[in-house]
Amino acid sequence: MGSSSLTRSRDVKLRGIAASPGVAVGRVLRLDERGRHQFYYIGVSTAQVRMEIRRLREALEEGRARLREFKVRLARELGYEHSFILDAHLLMLEDERLVAELEHDIRTRRVNAEWAVRAVTDRAIEAYKNVSDPYLRERASDLEDVATRLLTILSGKDEFELSKLDQDVIIVAKNIWPSTVAELDFNHVLGFATNSGGLTSHTAIIARALGIPAVVGLREVTRYAKTGNAIVIDGAEGEIILRPTRSVVKDYSLKRARDEKRRARPQTEPASAAETLDGVRITLRANVELSTEIESLARFGAEGIGLYRSEFMFLNRLPELPSEDEQYAVYRKLAEATGEAGANIRVFDLGGDKLTLEGFEQENNPALGLRAIRLSLKVEHIFRTQLRAVLRANLHGRLRVVLPLISTITELRDAKRIIAEVKQEMAEAGVDHNAALPIGVMIEVPAAAMMADLFAREADFLSIGTNDLIQYILAVDRANENVAHLYQPFHPAVLRTLAHLVRVAETEQVQLELCGEMAADPLQAIALIGLGIRTLSLVPASIPLVKNAIRSVELERVRSMMQEAMKLPSASEVEELLARELPRQAPRFFAAWPSQP
Amino acid sequence: MQERIVTITNRLGLHARAAARLVRRAGQFTSDVELVSEDTGETADGKSILSVLLLAASRGTRLTLRTTGEDEERAADEIVELIEQKFGEEVSDGVF
């Protein structure tokens, strides 16, 4: 299909990265169009030159004032760290060289201010585009952002005045800049869809912090979406549909309405407990990757952190390693933010498809290679640094560590020995720390699941990581489109493994938690509690939705439903049973839940 | 005049935020601040963000820092320190 037909045809489906859950149905607002002002070359007389220079100065002053305002707003709404980028923009408007060059252009070439801004910034942007470093080359967009701002002010019209959106829109852009986000009227933004970005892009972080659905990494959405087009965003599936046909809009509107009813506004009842109708209490904890998410924990009613993915600390910095003090500051923040509820720090899960350390070769089969605990035990000094930081931060709350990708008991024992050594060294050196640090084993390798009883005896708790566990049980890489359909959370082998783990935890009297995407899907979450899981850890924004699902069911009935499900030979039959049974049991929540997988 | 040789060591090089910090720091001194890239021989005014950005100094670039004026020594010291501390970037990226 050629691109020209894609810009018109209906139901154009694009897949990206699921950055922030939720469904949005609405109209596209293409953000980058904002800057495409028509501007003209106007030759001016000598007398008018002074006038143009005055216009320029006023525009610069207004631009600075707005940026200062946005900077404050961004810092307040999203945290101080997001506001730095605006400082760079502000400095550009304050840059005496830039100002001098602009004025020089107006004077010597006798042009209007708009033309000077365009010409001068284009020269700078051009120079920047020749830079060999790809990251720096990208920064030309900062200059473009600033030029756009000036041109907008000079043109005197804000075609899309973002702070005064009068209708609900879904923002489509190549990338969304923090300066843009600072301007947005969040009450009218239903969702984000962007070409670039991953889970840690600004767009994703901001969308999650605000609880707005977002799909990023769509690569070409700006090629196909035009302002005013209808669009559907499914932030949980990482999918968008452009110019949807009426039936598709209807399906998704229903899904969204159901979602909304269940999700409740995050602020409304974070305090109400996740308790089934028959009074069984489920603990909902948060999966956290980024500093900004900590602030949203209370808003979504998370009971502590079930999974802190500590390797995200490396993201912007490899191959440099975060120092002990830096890590300490982060862990302390986690400890203080979660208080009694506590936080599980999963030790660095590096290597494999995630992040690699310098000096380690690319492997042929990274999923089965040197990663996670295997890597930690190999480069022990990194592990020890992390442990020291955790032990120190543990003075300020209740931290626990979780060991990822454990497959043999030796790994657990080695890790425990190292932890004991670190504690002793710290005690001998007189370093303040809290040695009461429970150690958990991540159950994500089938071998560990089969040996769970043995691990239960030597670890303080078990945490099931369903994403990897399912991949390893079913030998399916869910990112591989050719086999993604075989990634089946309701596969009988998966259900049997989970049921086995629940039994072991009961027999061995060890605490069992579960984290992974299964926990964030209401249907799957109910299945999990039916299997006997009592603690789920999930993306904070999904907590209200899952909580409402839990509050709509009776555990006794869900349990017998899952006993039936366990007898079925395929994932699709399990899904059919649930899709039939749950709307009957909990019509308030599950009525008309789509029966498709 | 003070002259120092520094190497950009933060992973992302002199990008907008790092440049912003450098320019803000340079602006605290009355001395003139000049940066010369050893790669390209280009010279930048340390008090102009545009100029600093145009150096396009990526990680590993060696720069000659020249400060001239009353507080040249302190200016040189503090700017070198900022660069060596990787612009405090590690804690400000929105990612731990």
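Keep in mind it's a predicted model, so treat the numbers as computed, not measured.

What chain A contains, in helices and strands, is 26 helices and 16 strands. With 597 residues in all, chain A has 48% of them scored as buried. Sequence-distant contacts, at least 24 apart, represent 68% of the contacts inside chain A between residues at least 6 apart.

All names here are of chain A. Here helix α14 (residues 324-338) is 15 residues long and its end C-alpha atoms lie 21 Å apart, about the 21 Å a rise of 1.5 Å per residue gives. Taken together, the buried positions of α14 are Q327, Y328, V330, Y331, L334, A335, A337 and T338. Phi for G339, located one or two positions after α14, is positive at around 50°.

Our next topic: the sheet that holds strand β3 (residues 43-45) of chain B. All names here are of chain B. Taken in spatial order, the four strands make up an open sheet running β1-β4-β2-β3, and their pairing is antiparallel. Edge positions in the sheet fall to β1 (2-7) and β3, since each of these pairs with one other strand and no more. Going from strand to strand, the sheet's axes swing by 25° on average, the running direction of each strand aside. Two elements, strand β2 (residues 32-37) and β3, share three bridges in a ladder whose sense is antiparallel. Along β3, the bridge assignment pairs E34 with D45.

Residues and elements named next belong to chain A. Where helix α5 (residues 113-129) contacts helix α7 (residues 140-155), the two axes come as close as 9 Å, and the packing angle between them is 175°. Relative to α7, the element α5 lies roughly antiparallel. Mapping the contact onto sequence places A113, E114, V117, R118, T121, A124, I125, Y128 and K129 in α5 and A140, L143, E144, A147, L150, L151, L154 and S155 in α7. Of the residues assigned to the contact of α5 with α7, the class counts are 11 nonpolar, two polar and four charged.

Residue and element names in this part refer to chain A. Backbone geometry at L405 places phi at a positive 60°, although glycine is not the residue there. Summarising the element assignment, L405 is placed in the loop between β12 (399-403) and α17 (409-428). For L405, a count of 23 C-beta atoms within 10 Å translates into the label buried. The backbone of Q509 sits at a positive phi, close to 55°, despite the residue not being glycine. Structurally, Q509 is set in the loop between α21 (492-508) and β15 (511-515).

We now examine the nonpolar core. Counting residues in each nonpolar core, the largest one holds 103 residues, and the members touching the most others are Y331, L403, V441, I443, L462 and L528 of chain A. Residues contacting Y331 of chain A, with those up to four places away along its chain left out, are I345, A389, V390, A393 and L399 of chain A. Core analysis: the next-biggest nonpolar cluster, separate from the first, contains 60 residues, I106 and V131 of chain A together with L22 and L65 of chain B among them.

All right, on to the packing of helix α4 (residues 96-109) of chain A against α5 of chain A then. Residue and element names in this part refer to chain A. In the contact formed by α4 and α5, the axes pass within 9 Å of each other and the chain directions differ by 125°. Between α4 and α5, the crossing angle belongs to the class labelled oblique. Considering how the two elements wind past one another, α4 and α5 form a crossing that is right-handed. Across the interface between the two elements, E101, L102, D105 and I106 from α4 touch A113, A116, V117, A119 and V120 from α5.

It is worth spelling out the environment of V216 of chain A at this point. Residues and elements named next belong to chain A. Residue position: V216 is located in strand β6 (residues 214-216). Under the C-beta neighbour-count criterion, V216 is labelled buried, with 29 such atoms within 10 Å. Counting along the chain gives 20 residues from V216 to S196, while the straight-line C-alpha distance between them is 6.1 Å.

Let's shift gears to helix α16 (residues 380-393) of chain A. Residues and elements named next belong to chain A. For α16, with 14 residues, the first-to-last C-alpha span of 20 Å sits near the 20 Å given by 1.5 Å per residue. The set of residues buried in α16 consists of F383, Q386, L387, R388, A389, V390, L391, R392 and A393. Of the surrounding secondary structure, the elements contacted by the buried residues of α16 are α14, β11 (343-346), α15 (372-378), β12 and α17.

A few words on the confidence of the model for chain A. Residue and element names in this part refer to chain A. In the predicted model, chain A carries a mean pLDDT of 83, and 82% of its residues have values of at least 70. Every residue in residues 33-38 is under pLDDT 50, and counting partners more than four places away or in other chains gives nine contacts. A low-confidence stretch, residues 592-597 (pLDDT under 50), is modelled with 11 contacts involving residues beyond four sequence positions or located in other chains.

All names here are of chain A. Spatially, eight strands are ordered β1-β8-β7-β3-β4-β5-β6-β2 in an open sheet, and the strand pairing comes out mixed. One side of each edge strand has no neighbouring strand; the edge strands of this open sheet are β1 (12-15) and β2 (17-20). On average, each strand axis in the sheet is tilted by 30° relative to the strand beside it, whichever way the strands run. Bridging between strand β5 (residues 189-194) and β6 involves two bridges; their strand directions are parallel. Of the residues in β6, the one forming a bridge with F192 is A214.

What follows covers the pairing of strand β10 (residues 305-309) of chain A. Within a regular strand, the side chains alternate between the two sheet faces. Residues and elements named next belong to chain A. Across the five residues of β10, four count as buried, placing the element largely inside the fold. Where strand β9 (residues 283-288) and β10 come together, three bridges link them in parallel fashion. Directly across from A286, in β10, lies its bridge partner I305. As defined by bridge partners, β10 adjoins β11 across three bridges and the pair is classed as parallel. Bridge assignment links Y308 to a residue of β11, and that residue is I345.

The rules behind the values
- Residues numbered from 1 in each chain as written.
- Chains lettered and ligands numbered in written order.
- Predicted model: local features only at pLDDT ≥ 70, side-chain atom pairs only at ≥ 80, totals over all residues.
- Helix = DSSP H or I, 4+ residues; strand = E, 2+ residues; numbered from the N terminus.
- Buried ≥ 20, exposed ≤ 12 C-beta atoms within 10 Å, placed from the backbone.
- Contact = placed C-beta atoms within 7 Å.
- Expected span 1.5 Å × (residues − 1).
- Pairing = 2+ DSSP bridges.
- Axes fitted to C-alpha atoms, helices over the stretch in contact; angles between N-to-C directions.
- Parallel < 35°, antiparallel > 145°, perpendicular 65-115°, else oblique.
- Nonpolar A, V, L, I, M, F, W, Y, C, P; charged D, E, K, R; others polar.
- Core = buried A, V, L, I, M, F, W, Y, C linked by C-beta atoms within 7 Å.
- Left-handed = near helix turned anticlockwise from the far one by under 90°.
- pLDDT = per-residue confidence, 0-100.

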